[in-house]
Structure formats: C-alpha cells, structure tokens
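The residues making up each chain are set out below.
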2 protein chains.
Amino acid sequence: MEAIEEGMADYAVLPIENSSAGIVSQNYDLLFEFENYIVDEVVLQIKHALLGVPGANLQDIEVIYSHPQALMQSEKFLQDHRNIRAISVENTAVAAKKVADEGDIHQAAIASSLNAKLYGLDILEPVVNYNDVNSTRFIIVTNQKVFRKDAGKISICFELPHTSGSLYRMLAHFIYNDLNMDKIESRPIPGRNWEYRFFIDFEGNLNDSAVKNALRGIRNEAMNLKILGNY
Amino acid sequence: MEAIEEGMADYAVLPIENSSAGIVSQNYDLLFEFENYIVDEVVLQIKHALLGVPGANLQDIEVIYSHPQALMQSEKFLQDHRNIRAISVENTAVAAKKVADEGDIHQAAIASSLNAKLYGLDILEPVVNYNDVNSTRFIIVTNQKVFRKDAGKISICFELPHTSGSLYRMLAHFIYNDLNMDKIESRPIPGRNWEYRFFIDFEGNLNDSAVKNALRGIRNEAMNLKILGNY
C-alpha cells in the first residue's frame, strides 16, 4: 500500500475476505490508512496443500509453517494433528522456501501446490483446508480515483462515536434511500475504546441521486467518511 | 462451551471483543454452535507484559510465545523487534509456563504481569500492548435461558442467503421499529461461499412490543434466527 501511495507501483492486489476464515482485518485497516482506491475485485478458489522435503511423510512432521490466514483455513486439519506445532510466517511462499532451505523432514509448509514445483518439495497432503468451497476475494487498488461510469458497487468507510443510536441513524440513510447494502464490517479505532470504523459495500454508482443523498446524510453525521472505490 | 451445554459447569466467561484487535471471531462462532445463552457482560482493562526467565534481557530474546490475540494487541512492539519470532500457543498462561519450564534466556512470553509471580519470571517490559486503553469485553454464558426483566440489551444471530438486498431488508426491521443497534458483525457460514451469519446487539427487552415486531419480521425472512441473550 505504501509503494502504491508513493507511486512506486501501479497496482496492489490484496486479499480482503476468505469464505472460511472471514475478513482479512489488517487489510481493512490499510484501506483507511492509505490514500489508495479500489478499482476492481476478483474471487479465486484457494486450495492449500501440505508440503515437505522429498522423502518426508505426514507422520514425520513436527512443525508446520504458514500464513495465519492459511492456518485458520486449515484449522480442522491442525486440530486432528495436535502434536504438530503451527508457526506463523509472513506468507505461504516464505513458509515453503523455509522448509526447502532447511531440508528437515520434520518440517512442513501449508501453501499452494504450485510451491512444490517452485521449491522442489513433495506434496504430503493435496488439500488441508477444511472447506471445499474455500475462496478468497481480492481487491485491486491504485492511487488514482478511478470511478468507472458503469460501476455498480461502492465501498466506503466512516467512524462513529460511541453513542446510543449512532449506527442506527447511519444505516437509516441506506434504508430510506433504497440502497442495498452487500456487506458491513466494523473495526476498532486505534486508541479509542469501543469506537468503531465501519466499512460498508453497497450497490450503486456515485452519479446516482440516491447515492448522493445517502452520502450527504452520512457525511453530516459520521466522522472521516472516505469513498474507498466505485467499481 | 461444551462443558456448559452438558451441565458439567454452570458458567463460562468468554472474551468476545478487544478494543485494539477487534472481535474474537471463534467465540462468535461458538455462540451459534452451542445451546448456551449470554446472561451478562463485563469489560476489563488488559495490560500485557513481556516475561522472561530471571536474568534475561530484552536483547537476549529470540522467540516470544503468546495467544494470537495478545500477539495482535502487541503488533507494534513485535514490528519494532522484527528479529524476534512470535509463536502462537493456547493461551498466555501456557506461554508463561512454557518459558518458565524450559528456562532458556532466549525465550519470553507475552502475558499479564501476574504470571511473573505465578511462574517465577522477570518482567522484561511492563507494557507491550500498543493501545493505552486496551480493554476486553467478556460475556458470561450459561445453558439456561435467563432473560432478566430489567435487561436492556439483546444479542441475536441469523443467517442470510447471498441475494441482493437481503441485508438491507433485515436491517430495515430494526430501523422501522426504532430499535438502536449497538453492534453488527458477520461471520462466514462454513461450507457456503459468501453467505453470512450476522450477529447483532441492539437495545431493548424481549417483552417490548417493538422488539417482538422486529423479531417476527426477521424470523419470517432470515434463516436460523437465534436469541443469544437478553441481559
């Protein structure tokens, strides 16, 4: 996000939500922190495999490295193998590379099977995520406000004080303007107790008058309204 | 939750939300899975310390053990000490005990300073959570439907199909019945892509007619409506 904001890269592709594990909360927080905009989204089916050094077997494995989200998506497998310690690393490719570099038959990585080829590892288990329909939604982000004319989805965020009814009043702007909300998420505002930043996806285009009405109402009552994208 | 449901224990106290790290998503999922009810809630201020074996110094530390939530709440400290590897364990007390048992000056635990006394450890850093106002909200759960007459907060959950406008229609029941929502959270439904279970806290008592109206409307349109508590 820093590289995009500073113009050192044109686009970033960020995982924002997984159909088994839920939202990637850190990436929601980054959407607020940086002046970047969502220009599109894409959904990919995700399969995690268990990879070990050539010759290793599942019963040899004592430690598994992976990204925390991949570990969450493989929770049932890890619960069935409680003797194996799970350790979080930066991403699944780092996990696979670490296992390949260290060459220890007691170590394995949870990563896509593509990494087996890349790093010369064996596939010990082809699928360890517990949900057959495991998919991840990725957003594509850039530092320009690119609001497409045919766009049908708007993502915004805003902050609310911790007063009774503030969430009620904010959502009423969507209801009274007949705007369909697809998703609502809240994240704590750092340093403030029980005050939230809300992330809402709703159907519409920034040129629609109902959308303009709702955003005007929200801007008057909420703090730090930010249009994250219309795509 | 299993012990409570089966009557082997009377009450459970579960962390449900932290003011820095956000919701404890697994405990939301458990509220749906088990036939238990929220009867009260309590908020505690949380301070995490870094604990090591007697004689250890911060610059000796190579590995830190703690619960994933405590690691998230100490994210800035961990980022400032990137050479230290963070490893998740079952809870913060297990982390402290492990450090005490293994007696290695390169290991530390993030846990409350109380654990220093309990396990004979030194406090290497008194506060490693990055948010001064770090608080956790706990819910108290039992297997009886205890709906207090003077209760002013209701927690419910329900599931929605992935159709345009389903969230909109559901929230309209709160708006049109003038019910203040305090909190709304969504969690993926296992095995179904992009379908969500919503958890809503709102102000009211199950005997209020506006509450009865709203719940009747929700029950007609949503799936698996569950009253989690009125407290």
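The preceding data block contains the structure.
Read on for an overview of the structure.

What counts, and where the lines are drawn
Residues numbered from 1 in each chain as written. Chains lettered and ligands numbered in written order. Predicted model: local features only at pLDDT ≥ 70, side-chain atom pairs only at ≥ 80, totals over all residues. Heavy atoms only, no water. Helix = DSSP H or I, 4+ residues; strand = E, 2+ residues; numbered from the N terminus. Contact = heavy atoms within 4.5 Å. Buried < 20%, exposed > 50% of the residue type's maximum accessible area, 1.4 Å probe, protein only. Pairing = 2+ DSSP bridges. Axes fitted to C-alpha atoms, helices over the stretch in contact; angles between N-to-C directions. Least-squares fit on C-alpha atoms with pLDDT ≥ 70 in both. Salt bridge = Lys/Arg side-chain N within 4 Å of Asp/Glu carboxyl O. Core = buried A, V, L, I, M, F, W, Y, C linked by side-chain atoms within 4.5 Å. Phe/Tyr/Trp six-rings, centres within 6.5 Å; stacked < 30°, edge-to-face > 60°. Lys NZ or Arg CZ within 6 Å of the ring centre and 35° of its normal. Buried area = accessible area lost by both parts, 1.4 Å probe. Polar contact = N/O pair within 3.5 Å; in protein donor to acceptor, adjacent residues only side chain to side chain. Nonpolar A, V, L, I, M, F, W, Y, C, P; charged D, E, K, R; others polar.

A word on the side chain of B:Thr142. Tracing the backbone shows B:Thr142 in strand β9 (residues 135–142). With residues near it in sequence (within four places) discarded, B:Thr142 still touches B:Ile4, B:Asp10, B:Tyr11, B:Asn36, B:Tyr37 and B:Val39.

With the exception of glycine, most residues fall at negative phi, and the peptide bonds are largely trans. Residues and elements named next belong to chain A. With a phi close to 55 degrees, Asp-178 is a non-glycine residue in the positive phi region. Position of Asp-178 relative to the elements: it lies in the loop between α7 (166–176) and β11 (181–188). In the Ramachandran plot, Asn-224 falls in the positive-phi region, its phi being about 55 degrees despite a non-glycine side chain. Positionally, Asn-224 belongs in strand β13 (residues 223–230). Judged by its relative accessible area of 46%, Asn-224 falls in the partly exposed class.

Right, let's talk about the sheet that holds strand β11 (residues 181–188) of chain B for a bit. Residue and element names in this part refer to chain B. The sheet built from four strands is open, its strands ordered β11-β12-β10-β13 with antiparallel pairing. Only two strands of the sheet have a single neighbouring strand rather than two, namely β11 and β13 (223–230). Recorded for the sheet is a direction-independent mean angle of 15 degrees between the axes of neighbouring strands. As judged from the eight bridges shared by strand β10 (residues 153–160) and strand β12 (residues 196–203), these two strands associate in the antiparallel manner. Bridging from a neighbouring strand, Glu-159 pairs with Arg-197 of β12.

Attention now goes to the sheet that holds strand β8 (residues 122–125) of chain B. Residues and elements named next belong to chain B. If you trace the five strands from one edge of the open sheet to the other, you get β6-β5-β7-β4-β8, paired in mixed fashion. Taken across any chain shown, the strands that pair with only one partner, and hence form the sheet edges, are β6 (85–88) and β8. With strand direction ignored, the average angle separating the axes of adjacent strands in the sheet is 35 degrees. As judged from the three bridges shared by strand β5 (residues 63–66) and strand β7 (residues 107–111), these two strands associate in the parallel manner.

On to the relation of the copies chain A and chain B. Superposition of chain A onto chain B requires a rotation of 180 degrees combined with a translation of 0.1 Å along the rotation axis, giving an RMSD of 0.1 Å. The operation mapping one copy onto its partner corresponds to a two-fold rotation axis.

Moving on, we get to the pattern of salt bridges. The tally for this structure, following the rule as stated, stands at 32 salt bridges over all chains. Among the salt bridges present, the one from A:Arg169 reaches A:Glu221, with a minimum N-O distance of 3.5 Å. Taken as a pair, A:Arg169 in helix α7 and A:Glu221 in helix α8 (residues 209–221) lie far apart in primary sequence, 52 residues in all. Close ionic contact of B:Glu41 with B:Arg137 constitutes a salt bridge, the shortest N to O distance being 2.8 Å. Placement of the pair is B:Glu41 in strand β3 (residues 37–45) and B:Arg137 in strand β9, with a sequence separation of 96 residues. Using a relative accessible area of 26% as the deciding quantity, one classes B:Glu41 as partly exposed. Take B:Arg137: its relative accessible area is 8%, and that puts it in the buried class. A single salt-bridge network, built from bridges that share partners, covers A:Glu17, A:Glu41, A:Arg137, A:Lys153, A:Lys183, A:Glu185 and A:Asp201.

This next bit is on the nonpolar core. In this structure, A:Leu50, A:Ile64, B:Leu50 and B:Ile64 are the most contacted members of the largest nonpolar core, which totals 56 residues. Here A:Ile64 is in contact with A:Leu50, A:Leu71, A:Phe77, A:Leu78, A:Ile84, A:Arg85, A:Ala86, A:Ile87, A:Ala108 and A:Ile110, once residues within four sequence places are set aside. A:Ile154, A:Tyr168, A:Phe202 and B:Leu225 belong to the second largest nonpolar core, which has 54 residues in total.

It is worth spelling out helix α7 (residues 166–176) of chain B at this point. Of all eleven residues that make up α7(B), nine are buried, and the element is covered over most of its length. Three or more residues of α7(B) are buried, namely B:Ser166, B:Leu167, B:Tyr168, B:Met170, B:Leu171, B:Ala172, B:His173, B:Phe174 and B:Ile175. Buried positions along α7(B) lie against α7 and β11 of chain A together with β10, β11, β12 and α8 (209–221) of chain B. B:Asp178 occupies a position one or two residues after α7(B) and carries a positive phi of about 55 degrees.

It is worth spelling out the packing of aromatic side chains at this point. All names here are of chain A. On inspection of all chains with the given rule, the structure shows eleven aromatic pairs over all chains. On the numbers, 5.0 Å between centres and 70 degrees between planes, the contact of Phe-174 with Phe-202 is edge-to-face. In this pair, Phe-174 is assigned in helix α7 and Phe-202 in strand β12 (residues 196–203), connecting sequence segments 28 residues apart. The same class applies to Phe-174 as to Phe-202, namely buried. Joined through ring pairs, the aromatic side chains of Phe-158, Tyr-196 and Phe-198 make up one cluster. For the cation-ring pair, Arg-197 lies above Phe-32, with the distance from its terminal atom to the ring centre recorded as 3.4 Å.

All right, on to the side chain of B:Asn115 then. Note on placement: B:Asn115 falls in helix α6 (residues 114–119). What B:Asn115 contacts, discounting residues up to four positions off in sequence, is B:Leu51, B:Ala93, B:Ala96 and B:Gly120.

Once that is clear, we can look at the environment of A:Ile87. With respect to the helices and strands, the residue A:Ile87 is situated in strand β6 (residues 85–88). Judged by its relative accessible area of 7%, A:Ile87 falls in the buried class.

Taken together, the contact pairs 48 residues of chain A with 48 residues of chain B. Between chain A and chain B, the buried area comes to about 3900 Å², and carbon and sulfur atoms account for 53% of it. Three residues, A:Tyr168, A:Ile175 and A:Trp194, lead the burial of chain A against chain B; their summed loss comes to 18% of the area buried on that side. Linking chain A with chain B are zero salt bridges, by the criterion used here. Our count for the chain A to chain B interface comes out at 14 residue pairs in polar contact (both at pLDDT 80 or more). Sorting the residues of the side of chain A that touches chain B by element identifies β1 (12–18), β6, β9 (135–142), α7, β11 and β12 of chain A as the ones contributing at least two each. In terms of residue count, the dominant contributor to the side of chain A that touches chain B is β11(A) (eight residues). Residue classes in the side of chain A that touches chain B are distributed as 21 nonpolar, 15 polar and twelve charged.

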